[in-house]
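The primary structure of each chain is shown beneath.
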Amino acid sequence: MNEKFISNNVMEQIVDCKLKGLMELSKMCTCERCRADVRALALNDLPPRYVVTRVGEVMTQCELLTLQRQINITISIMRAIKIVSQNPRHSDEI
Ligand SMILES: [Zn+2]
């Protein structure tokens, strides 16, 4: 009984999985700061979904979602992209 288990917020993985494609589609800045801002805003907007896995186990939750969930997540990411692209915070740090 030396298996280790952890709880993962799969919503983070799902957002990561969709984020890049949607940001490229929107033609916004895709620097690390903007990407992190979009990710944080989208995740604040979405309910966390925790599942328990073995440590190191890789999950492929992306395909397991219902269409309605996929749509809700896409809408939240698009909303975050709009906010960040209208008010990017990357320039403060350059
Ligand atoms: Zn940027």
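A few points on the structure. (Residues numbered from 1 in each chain as written. Predicted model: local features only at pLDDT ≥ 70, side-chain atom pairs only at ≥ 80, totals over all residues. Heavy atoms only, no water.)

Thoughts on the overall build of the chain
No. 1: Scanning the chain for helices and strands turns up three helices and two strands.
No. 2: Secondary structure elements in the chain, listed N-terminal to C-terminal, are β-α-α-β-α.
No. 3: When burial is assessed residue by residue, the chain has 31% of its 94 residues classed as buried.
No. 4: When contacts within the chain are restricted to residue pairs at least 6 apart in sequence, those whose partners lie at least 24 apart make up 84%.
No. 5: Entry remark: accessible area of the chain is about 6,600 Å², with carbon and sulfur atoms responsible for 54%. (Helix = DSSP H or I, 4+ residues; strand = E, 2+ residues; numbered from the N terminus. Buried < 20%, exposed > 50% of the residue type's maximum accessible area, 1.4 Å probe, protein only. Contact = heavy atoms within 4.5 Å. Areas by Shrake-Rupley, 256 points an atom, 1.4 Å probe, with all protein chains shown as cover.)

Looking at the coordination of the zinc ion
No. 1: Only Cys29 (SG), Cys31 (SG), Cys34 (SG) and His90 (ND1) from the protein coordinate the zinc ion, and they sit 1.9 to 2.3 Å from it.
No. 2: Taken together, the four donor atoms surrounding the zinc ion define angles of 98 to 119° at the centre, an arrangement classified as tetrahedral.
No. 3: When the donor residues of the zinc ion are listed from N- to C-terminus, their spacing reads C-x1-C-x2-C-x55-H. Taken as a pair, Cys31 in the loop between α1 (10–26) and α2 (32–45) and His90 in the segment after α3 (67–86) lie far apart in primary sequence, 59 residues in all.
No. 4: Given a relative accessible area of 26%, Cys31 falls into the partly exposed group. (Donors = N, O, S within 2.8 Å, 3.2 Å for Na, K, Ca; no water. Tetrahedral: all angles 85-135°; square planar, octahedral: opposite > 155°, others 65-115°.)

Concerning the side chain of Thr53
No. 1: Within the fold, Thr53 resides in strand β2 (residues 50–54).
No. 2: Of the residues examined, Thr53 reaches a relative accessible area of 5% and is grouped as buried.
No. 3: Within the local environment of Thr53, its side chain forms a polar contact with the side chain of Asn8, the two groups lying 2.7 Å apart. (Polar contact = N/O pair within 3.5 Å; in protein donor to acceptor, adjacent residues only side chain to side chain.)

A short note on a nonpolar patch on the surface
No. 1: Together, Leu67, Ile71 and Ile75 line one region of the surface with nonpolar side chains, adding up to about 290 Å² of accessible area.
No. 2: With respect to the helices, strands and loops of the structure, Ile71 is situated in helix α3.
No. 3: Residue Ile71 is classed as partly exposed on the basis of its relative accessible area, which comes to 37%. (Patch = residues over 30% accessible without salt bridge, like charges linked within 9 Å, V, L, I, M, F, W, Y side chains within 5 Å. Salt bridge = Lys/Arg side-chain N within 4 Å of Asp/Glu carboxyl O.)

Such coordinate-based values are descriptive only and should not be taken to indicate function.
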